[in-house]
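Single-letter residue listing:
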Amino acid sequence: FGVITACSFCQDPNESHSHLFFDCLFSSRVWHAIQGKCNVNWPDLHSPGIITYATGETKGKTLRANVLKLALMCTVYNLWLERNNRKFSNVSKPVQVVIKSIIHMVRGRLLSFNNFPRSPGDNWFLSHWNLPKIVLKPLSSVRNGRAAE
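If you're wondering where the values come from, they're calculated on a predicted model, not measured in any experiment.

Conventions adopted
Residues numbered from 1 in each chain as written. Predicted model: local features only at pLDDT ≥ 70, side-chain atom pairs only at ≥ 80, totals over all residues. Heavy atoms only, no water. Axes fitted to C-alpha atoms, helices over the stretch in contact; angles between N-to-C directions. Helix = DSSP H or I, 4+ residues; strand = E, 2+ residues; numbered from the N terminus. Parallel < 35°, antiparallel > 145°, perpendicular 65-115°, else oblique. Left-handed = near helix turned anticlockwise from the far one by under 90°. Contact = heavy atoms within 4.5 Å. Salt bridge = Lys/Arg side-chain N within 4 Å of Asp/Glu carboxyl O. Buried < 20%, exposed > 50% of the residue type's maximum accessible area, 1.4 Å probe, protein only. 1 Å grid on protein atoms, 1.4 Å probe; cavity = no way out; pocket = protein on both sides within 12 Å on 5 of 7 lines; lining within 4 Å. Points joined across faces, edges and corners; volume = space filled by probe spheres on them. Nonpolar A, V, L, I, M, F, W, Y, C, P; charged D, E, K, R; others polar.

Visitor: How do you make sense of the packing of helix α2 (residues 25–38) against helix α5 (residues 95–111) when you look at a structure like this?
Guide: Two packed helices can be described by the angle between their axes and the distance between those axes. Remark: α2 packs on α5, axes separated minimally by 10 Å, with the N-to-C direction vectors making an angle of 40 degrees. Considering their axes alone, α2 and α5 lie oblique with respect to each other. Where α2 crosses over α5, the handedness of that crossing is right-handed. Between α2, through Phe26, Arg29, Val30, Ala33, Ile34 and Lys37, and α5, the contact on the second element is made entirely by Val95, Val98, Ile99, Ile102 and Ile103.

Here it is in structure tokens:
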């Protein structure tokens, strides 16, 4: 609509999508924490670069791909939700509360799935996201001393 408003997080006079989601100190803190939780280092947290990168990183049906996909979507959603709560309801949450909300949202969604194909690194994600092994495909049989999938 062409209306210029201040950033709801840091009061920068020119709120833009790029600033709101990636350049603002508040958003940067959130992204940094979520990257650590996902054991990933997104190289360029700016639109459209992050979209291009995320599209490649989130392909497939593995636990890792789904964690990254959900983390990206939930982070954008929660940043937008927090922005709107501050702007329209004059209610704000500290950055750590927003981060915890994202983590709980991602974990809750992951718990509703099962049968992620097994892949290297699954144990890291199971441990760091406190997920039960039942989210992975069951080991179907044992052949030659190795588990078949």
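Visitor: What is the right way to read the pattern of salt bridges from this model?
Guide: Any two side chains of opposite charge can pair, on the condition that their charged atoms come close. This structure, assessed with the given rule, holds two salt bridges. Between Arg83 and Glu15 there is a salt bridge; the shortest N-O distance is 2.9 Å. One end of the pair, Arg83, is in helix α4 (residues 63–88); the other, Glu15, is in the segment before α1 (17–23), and 68 residues separate them in sequence. Like Glu15, Arg83 is buried.

Visitor: It is not clear to me how empty space enclosed by the protein should be interpreted in this structure. Could you clarify?
Guide: Over the atoms rolls a probe the size of a water molecule, and its path tells where empty space is left. Across all of its chains, the model carries one cavity of 30 Å³ or more by this definition. The computed volume of the largest cavity comes to approximately 40 Å³. With four residues, α4 is the single largest residue contributor to the lining of the largest cavity. When the residues that make up the lining of the largest cavity are grouped by side-chain class, the tally is two nonpolar, two polar and two charged.

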